[in-house]
Every structure is written in structure tokens, then in C-alpha cells.
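Summary of the model geometry
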Amino acid sequence: MGSMKSAFLVAAITTIGIVGLIGAPAPALAAPKTKLTVDLPNDVATMDPQLQWDTDSYSVYRNIFDNLVTRSTSGKIVGQVASSWHYTSPTEIVFTIRNDIRFQDGSKLTPADVVYSVKRITNPAFKSPQLSQFDEITSAAVTGPNQVTLTTKTPYPVLLAQLVKLSIVPKAYIEKVGDTQFNLHPIGSGPYKLSDWEHGVQSVLSATPGYWGGKQPFEKVVFRVVPQDATRVADLRAGVADIVRQITPDDAKALQSDRAVQVLAVPTERVGYLFINAEWGPTKNVRVRRAIAMAIDRKGLISALLGGYAKPVSVVLTPASFGYPTGIKPWPYDPQKAAALIKAAGAEGATLPFLTSPAYPQNIIQAIQQMLDQVGLKVVIHQMDQASYLRDRQGTPQEAGSLAFGLWSCACQDADGTIWPLFHTGSIWSKYSNPAFDKAVDEARSTLDVKARMADYHTAFEILRKDVPGVGLYQAAAIYGARRQLQWTPTPNEAFFIMDMKWK
Amino acid sequence: MTGRFTPGIAAILGLLAIYVFVAVLAPWIVPHNPLRQILLLRLRPPLTYSPSAGWFLLGTDDVGRDLLSRVVDGARASLMVGALSVSVSLLSGTVFGLLAGWFRGWIAIVVMRIVDIVLSIPAILLAVLTVAVLGPSFANLILVLGLTRWPRYTRVAYAQTLQVATLPYIRAAEMAGAHAPRILLRHILPNIAGPLMVVATTEFGLMILFEAGLSFLGLGIQPPYPSWGSIMSEGQNYVASAWWMTVFPGICLFGVVLCVNLLGDWLRDRLDPRAQSR
């Protein structure tokens, strides 16, 4: 009996083995993959495109919605829902709206939807975190068949750059179901529609049939939530994920030896900077702030901790944005001079609270701490959860601590979206006030004259260099890991449009 | 394990003594300054030698600090958190339990309902909230851990006090004119100390793990000062490329928690009168 049993077992194993051998090459012969799996570090905060604009949320929802205008892969602003536009006066701009776009519920996208989208996001009661990007718009109206006119308070040069982020939402649907239902079951006019959203696990998008912008490269896209950097990289290596967002420079280096994957990196408009409180504590003294600027070894930070992926910047802005000045030199790295300056200012051994949260790169913060300790300051890191950190950082000068590290992007590629909120008197981020600076950046945001704006920003950055309410450190790189077969070029504004990707 | 003093328990005590010894002497025995960064020598594997800086026996971390020095120095923070937070919660929990068990009535009702409430709140949530409100610091960390854990001792102390308070010798002491504080401290406390000590030993390991959890969330020991939890949380992104950053502090944590739990096991048997009479 026993021998018969084992003979049967051997036969069974052999059969499975043979079947396995035959089966093995099958996946390679199968039709090209129609599913794309993406690993994101965080879950989508909301699917409502007008409520949240963190990078993970908009990586997903911008594939569900179309924007009024968009940026081409080369960075130029081109039409999307609007086919063309022209200024009728410095404060009035007329958009022609395409008439062949349909929402995913079959209804037609009309100029009324565009007007509704603008009014919804600019309504203060709606409390959109993007409000400050659009509040220069005072009115939106349908002014003809397929025509929408936007009016701004003053001539507003950044309008088009901001409108790149204006997703067009369906008026009739939202008015029928309300904001909460719309967030859970969004309907847009984009290439993909949401078919499933498991909070904290994944969101699944499927291609909209008959999309006006052309055929989608994948039938189905799965965005998975994978918070651990190491796990995202492991998923990529194992082939579980086809593309992963946000990998560390260290992992990028390690991935370079893997033939099945590729590292896609692009310098972004995101600037790594050190905030210095000019209105409270030891850093109230401008000499201390200058000393801090001279104590930081940008190049050392970049080559050691960022694997050379980032590029040094001379101001708190990146060259990917309009207004980046030429000819302004940063304070030179000179620890001896910095130490002497601190001694002269009587700030030797002064305690500087450095506010931060686990959301920021710890190694960079601790390296900065050591660099400042070496020139005679005493930097104390206060690590909090992100919500408490933001509360204090945006609070009064007393609450904001002496230092903080930030990675800033306005997704508008313009100096107005960076130095205005960071340093203008009265802004929640600003712990600094200089009327001359305020005048320059206010003027730069209210003229359409490109040359005059450039000159204003040059003046503004010269003032910032002198006053040092912050130090520009580096232009951050967006680093993605992808299967080698995936063809895609990442952009400086960190857009994640599935339509731009395809299998080779 | 029986209550007898075996070679096994001697080994455990010995190991714990080494831990304490290393923690106390940390500043004098670390081979490098645990805070000193050498960015050019970051993420080096164990047994790295650099002609300028010397040996890095356990390798270096992500900003080029000596891992061995950080693990040794981190023992201080981790063990101190364990010992201090257990003391705080043991002391406050026992006092409340004793009072509730002795006076009974409305005092017991109030205390035990507070205990129920605190126990029903997830401890990690309460800790995150408290640190968020009070701000992160070593004293607050101890306070938080003490505040969230005292009910465990109160429950035990309360039940034990109720039991002991009805025994004839307590009645006798009362009739002899002894005051409540004297009875509680001299006659009841020694009789309920055994079970409380056992709870304390299991809590000790938990507290160290808890601090590791809070460090992991960025709320425990503040950088750049090391604790085992914070070293591991800094190493979490390098598990694949620099395993040593998480493995070595992990082994230390595992060792001390295991030792203390085994010690608690042994104490329980030793202090249990029935086990001894067998």
C-alpha cells in the first residue's frame, strides 16, 4: 500500500513539474500588461480636487479630472479644457472652452461647470487650502457660447500658472449629491474614473471609454498606499509595483545595479530651505542669521546625504520657477567667519529651538544641527507630530522656534508662490517683516510686464540675502523607481499623469 | 520555572547587571562620541576601519555616527525610561489602589471608574495627545508613560487590599487603635507587594517598547540623542541596504525585555505562597 501511495505521489509531483515547466513561459507570451500598479507613500487625503493638493492626493485625482489649462511635458502652459485664451484687458482674460468633453456620468462639460469650479474654490466658506492661489480672481462668468471670462483684482501675472491646478468639477452632480458624496464618489472628465477606494489601502482607477483626449495606455491603474520607503523599493524589485513614488537617494543608488528597474529623477521646483525666525529669540539679530547662512555646507549636504540628486540654490527658490535671479551669490560657506560673527553678536552658546516633524528628512536636520553647533550655537531639535508642528510653525513668532526645515513647492513655478507666502509681512509662514521687500513682491504680483517682474524679484532677493529670514539650500529632485519597460518622463511640477506613460 | 534560585536565574540577573553597568558607564566606555557625525563615513557596515577615525565595530548610521556608541548610549535612555516610568506608575497606581481598597464606598467607586476610563483609551493615542499638548521632553515622556499605565497597578492593589483588609490581624490592629496610614503602610502594603512587583516587571519591558514606539513616531527621546527606539526608527528606511542600524538595537531591546520578563516569571513563583509550600 505504502509503495503505491508513494508512486502516486512521485507521479503527481512529476506531472505538476511538467505542467509548471510548460506554464512558465506563458506570461512572457501574454498580451501586454493592461494594469499599472503604483506605490505611493501616503493615502489620498481627499478625492475632491478642490479640497487638498498634497502630492499623493493629486497624483491620483488629477487623472480623474481635467484642468482648465495644463503644462506640456516640456513645461509650457497649453490648453486642456480651454482650447485658447486671450487678454481683453490686463485684468480680464477670456477662455474658449472645448465643446466635445463629457463627464464620466455622460453629461456634457459646459462653460457653466468652469464658472462653478472657479466660484467653488474661491468661496471662502468652502475653506479650500488652495484658496490663496486663486483669491486674486474676483469674478467668473459665462460671456458667450463656449466662452468664460475671468476677472482679477489687479493684473495678475501668475494666473495661468495657478490655473494649471484648477480641476473642472461637474456642477449638476455636486449640487445634487453634496460635497461629502462627491468626495467619496467623484466624477470628472478625465481619462480615468474611480472604481474603488479602500481608505488607507489602495485606490483603483479604470479607463473612461471614449475619452476625448485619446486612448489610455492602461485599462486599470492601482495606487497602493505603502508608507515605508524600504517596502516600496522591495515592491519594485519584486515586480509587485510597476512604478513607485518618492525613493531615497540611497535606495536610488542601490537600484542602479538592478537590470529590471530604472531610476527616474528630475530636478523639481521644490526648494529645500532653512527657515530662520527674524522676530524672536537669538536669531532676531541679523548677524546671527548671517552667521547661520555661512555655517551651512550646502555642497557637503548634497553630495553626502542626497546622493548628488539635488542641486545647490543661491536663494529660496529653484531655477525651475520664474523669478530665479541670476547674479545673486549665496553667503559663502565659512565656518570660521560664522563663529567669529556669532561671538561678536554675543550669541555664543545661545539655544536655538529647531522645530520639525517626522515628515522631514531626519539626516539633513541633524546634519544642519551639527554644522550650527560647530560654530558656537546650541541647536535643540523639537520633534512633534506633523499637525502640532504646523500649528507652531504657523503660529506667533514665539511659538515658531528659531529654525525649521522646509521643502516648499507651490506647483505654480513662480517666485510669487514661494517668497510671497514665506516672507511677506503677515503671512502665516512669515516671521519677518521688511516694507521694501513687501513692496517689491507686491508689485511683482500686480503687473503682467515680464521684465518689470524680473527686476522686482531681483530686488526682493537682494533684500532677502541681506536680511536672511531663510536660507535656500537645494533644489530637490523627485526620484521615482519604475520597471525598465515603462516609458515616462517625470516633470519639475511633480505631475503624475498616467496619460503620459506607456510600456515600451 | 520554580521559585528556586537556579543557574538560569543567575544568568538572567547577571545579564541585567551587565546592561545596567553598560548604561551607567556609557559616557566612559563608548569608543566614539555618539553624537559626532562624519558624513563621509555614513552607512558603513560593521567592522569598518578608517585610518583617520578608527574602528566602527557595528558600522555607522545614516549621518556617519558610530552605531556601537549610539547603542551603548541609547541603553541609558531606554533603561532610564523603563525604570522611571515604572516607578511613577507603580507609586501612583498603588496609592490609589490602597486608598480605594481601604475606604471603599464612594472613593472606590470614583477611583475605579477613572481606572476604567483610562484603561479604555488606547494608550498610544493618549500618549501622542499628551506629548502634543505638553511638547516633547524627557520629563513629559516619563509623565505620559506613568499617566497611561498606573491603572494596571491600581486594579491589582485594589483587589489585594480588599482581600487583605478583612483578615483577622488587620481587624486586630484596628482594634488596638492603629491609624489608617499605619495599617496601610505597615500591615497591608507588605502583603500586597508581591503581585505588584510582578506587574512591574512585565510593565518594565513594555515601557521600553512603548518608548521605542513613541520614538518611532518622533515623540520620544529627541534627536540627536539616541535611544534604541529612535536608532531603529532612523534605520527603518535602510532595512534593505543597512540592516545593522535596526538589527543591533533590536537585539539589545529583545535581550533586556526577555530578561526582565523571565525575572518577573520567577518572582511570581517565588512570591506565591502556594508554589513555595509545594
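Position numbers for residues start from 1 in each chain and track the written sequence from start to end. Here chains are named by letter from A upward and ligands by number from 1 upward, in the order in which they appear as written. Owing to the predicted nature of the model, reporting of local features is limited to residues with pLDDT of at least 70; listing and counting of side-chain atom pairs is limited to 80 or more, with chain, interface and lining totals taken over all residues.

**A few points about the overall build of chain B**
- What chain B contains, in helices and strands, is 11 helices and two strands.
- Start at the N end of chain B and walk to the C end: the helices and strands fall as α-α-β-β-α-α-α-α-α-α-α-α-α.
- In terms of its C-alpha atoms, chain B occupies a principal-axis envelope of roughly 80 × 45 × 30 Å.
- Taking contacts inside chain B between residues at least 6 apart in sequence as the whole, the part at least 24 apart equals 70%. Under the DSSP-based scheme used, a helix requires at least four consecutive residues in state H or I and a strand at least two consecutive residues in state E, with every element numbered from the N terminus. Here the contact rule is simple: place C-beta atoms from the backbone, and any two residues whose C-beta atoms are within 7 Å are in contact.

**Topic: the overall build of chain A**
- If you tally the helices and strands in chain A, you get 17 helices and 19 strands.
- Our radius of gyration looks at C-alpha atoms and nothing else; its globule reference is 2.2 Å times the residue count to the power 0.38. In terms of overall size, chain A behaves like a compact globule, its C-alpha atoms giving a radius of gyration of 26 Å where 504 residues would be expected to give roughly 23 Å.
- Dimensions of chain A, computed from C-alpha atoms along their principal axes, come out at roughly 95 × 70 × 35 Å.
- To assign burial, the other C-beta atoms lying within 10 Å of each residue's own C-beta are counted, with C-beta atoms placed from the backbone; 20 or more indicates buried, 12 or fewer indicates exposed, and intermediate counts indicate partly exposed. Going through the 504 residues of chain A one by one, you find that 46% of them count as buried.
- Taking all contacts inside chain A whose residues are at least 6 apart in sequence as the whole, residues at least 24 apart take part in 71%.

**A short note on the sheet that holds strand 5 (residues 92-97) of chain A**
Residues and elements named next belong to chain A.
- Being paired, for any two strands, means DSSP has found at least two bridges between them. Spatially, 4-5-7-6 is the arrangement adopted by the four strands of the open sheet, whose pairing is antiparallel. Of all strands in the sheet, those bounded by a partner on one side alone are strand 4 (82-89) and strand 6 (137-144). Pairwise comparison of adjacent strand axes, ignoring direction, gives a mean angle of 25 degrees for this sheet.
- Across six bridges, strand 4 lies against strand 5 in antiparallel orientation. Among the inter-strand pairings, Ser89 is bridged to a residue of strand 5, identified as Glu92.
- Contacts from helix 4 (residues 111-122) reach strand 5, strand 6 and strand 7 (147-152) within the one sheet, and its direction differs from that of strand 6 by about 170 degrees. For helices, the fitted axis covers only the stretch in contact; all axes are lines through C-alpha atoms, and the angles between them, taken along N-to-C directions, range from 0 to 180 degrees.

**Overview of the interface of chain B and chain A**
- Listed by partner, the interface residues are 24 residues for chain B and 26 residues for chain A.
- Taken together, the residues of the side of chain B that touches chain A sort by class into 14 nonpolar, seven polar and three charged. Throughout this entry, Asp, Glu, Lys and Arg are counted as charged residues, while Ala, Val, Leu, Ile, Met, Phe, Trp, Tyr, Cys and Pro are counted as nonpolar. The remaining residues, Gly among them, count as polar.

**A few points about the confidence of the model for chain A**
Residues and elements named next belong to chain A.
- Per-residue confidence from the predictor is reported as pLDDT, a score between 0 and 100. For chain A, per-residue confidence averages 90 on the pLDDT scale, and residues scoring 70 or more make up 94% of the total.
- Within chain A, no element has a lower average pLDDT than helix 2 (residues 26-29), which sits at 42, and none a higher one than helix 10 (residues 286-295), at 97.
- pLDDT under 50 marks residues 1-5. Its contacts with residues more than four places away, or in other chains, come to zero contacts.
- Below pLDDT 50 for its whole length, residues 7-30 participates in zero contacts with residues either more than four positions away or in separate chains.

**Overview of the environment of A:Ala260**
Residues and elements named next belong to chain A.
- If you trace the backbone, Ala260 turns up in the loop between helix 9 (249-255) and strand 12 (261-276).
- Judged by the 12 C-beta atoms lying within 10 Å of it, Ala260 is exposed.
- Sequence-wise, Ala260 and Arg484 are 224 residues apart; in three dimensions their C-alpha atoms are separated by 5.5 Å.
- The contact partners of Ala260, leaving out residues within four places of it in the chain, are Arg483 and Arg484.

**Considering unusual backbone geometry**
- The omega torsion across B:Pro223 and B:Pro224 is 5 degrees, close enough to zero to call that bond cis.
- Of note, A:Val468 is a non-glycine position whose phi angle comes to about 45 degrees, a positive value.
- On the secondary structure map, A:Val468 appears in the loop between helix 17 (450-467) and strand 17 (470-483).
- What makes A:Val468 buried here is the crowd of 22 C-beta atoms within 10 Å.
- Even without being a glycine, B:Leu43 presents a positive backbone phi close to 55 degrees.
- Checked against the element boundaries, B:Leu43 lands in the loop between helix 2 (26-29) and strand 1 (48-50).
- B:Leu43 sits in the partly exposed class, given 19 other C-beta atoms within 10 Å.

**Some words on helix 11 (residues 298-305) of chain A**
All names here are of chain A.
- Restricting attention to buried positions, one finds in helix 11 the residues Leu301, Ile302, Ala304 and Leu305.
- Considering only its buried residues, helix 11 is in contact with strand 13 (311-312), helix 13 (362-374) and strand 17.
- Just downstream of helix 11 lies Gly307, where phi reads positive at about 55 degrees.

**Regarding the pairing of strand 12 of chain A**
Residue and element names in this part refer to chain A.
- Across 12 bridges, strand 12 lies against strand 17 in antiparallel orientation. For Val263, the partnering residue across the bridge sits in strand 17 and is Gly481.
- Pairing between strand 12 and strand 16 (residues 403-408): six bridges, direction antiparallel. Across the sheet, Gly272 pairs through a bridge with Leu407, a residue of strand 16.

**Examining the confidence of the model for chain B**
- Residues of chain B with pLDDT of at least 70 account for 95%, and the chain-wide mean is 87.
- As a predicted assembly, this complex carries a pTM of 0.81 together with an ipTM value of 0.74.

**Focus: the environment of B:Ala11**
All names here are of chain B.
- For Ala11, the location among the structural elements is in helix 1 (residues 7-24).
- Using a count of 12 C-beta atoms within 10 Å as the deciding quantity, one classes Ala11 as exposed.
- In sequence terms Ala11 and Cys259 are 248 residues apart; their C-alpha atoms lie 9.2 Å from each other.

**Quick look at the nonpolar core**
- Membership of the largest hydrophobic core comes to 135 residues, with the highest contact counts inside it found for A:Leu68, A:Ala291, A:Ile292, A:Ala295, A:Ile419 and A:Val471.
- In terms of residue count, the dominant contributor to this core is strand 17 of chain A (nine residues).
- In this structure A:Ala291 touches A:Ala338, A:Leu341, A:Ile342 and A:Val375, once residues within four positions along its chain are discounted.
- Buried Ala, Val, Leu, Ile, Met, Phe, Trp, Tyr and Cys residues whose C-beta atoms connect them within 7 Å together make up a nonpolar core. By size, the runner-up hydrophobic cluster in this structure holds 56 residues, among which are B:Val86, B:Leu90, B:Ile221 and B:Trp266.

**Notes on helix 14 (residues 386-393) of chain A**
- For helix 14 of chain A, the full list of buried residues reads A:Ser388, A:Tyr389, A:Asp392 and A:Arg393. Down the axis, helix 14 of chain A shows its buried residues gathered within 130 degrees of arc, on one side only.
- Taken together, the buried residues of helix 14 of chain A touch strand 14 (351-356) and strand 16 of chain A together with helix 5 (123-134) of chain B. The arc in question is formed by the directions pointing from the helix axis toward the C-beta atoms.

**Observations regarding the pairing of strand 6 of chain A**
Residue and element names in this part refer to chain A.
- As defined by bridge partners, strand 6 adjoins strand 7 across six bridges and the pair is classed as antiparallel. In the strand pairing of strand 7, Ser139 is matched with Thr151.
- Counting the residues in the hairpin turn of strand 6 and strand 7 gives two residues, including Asn146, whose phi is positive at 60 degrees.

**Things to note about the environment of A:Pro217**
Residues and elements named next belong to chain A.
- On the secondary structure map, Pro217 appears in the loop between strand 9 (202-207) and strand 10 (220-225).
- Sequence-wise, Pro217 and Trp503 are 286 residues apart; in three dimensions their C-alpha atoms are separated by 7.9 Å.
- With near-sequence residues (within four places) excluded, Pro217 lies in contact with Ile498, Met501 and Lys502.

**Things to note about the packing of helix 1 of chain B against helix 3 (residues 67-103) of chain B**
Residues and elements named next belong to chain B.
- Close contact between helix 1 and helix 3 brings their axes to 8 Å; oriented N to C, the two are set at 105 degrees. By the angle between their directions, the pair helix 1 and helix 3 is classed as roughly perpendicular. Facing helix 1, whose interface residues are Tyr19, Val20, Val22 and Ala23, helix 3 presents Val72, Ala75, Arg76 and Leu79. Note on terminology: angles under 35 degrees are roughly parallel, angles over 145 are roughly antiparallel, angles of 65 to 115 are roughly perpendicular, and the others are oblique.

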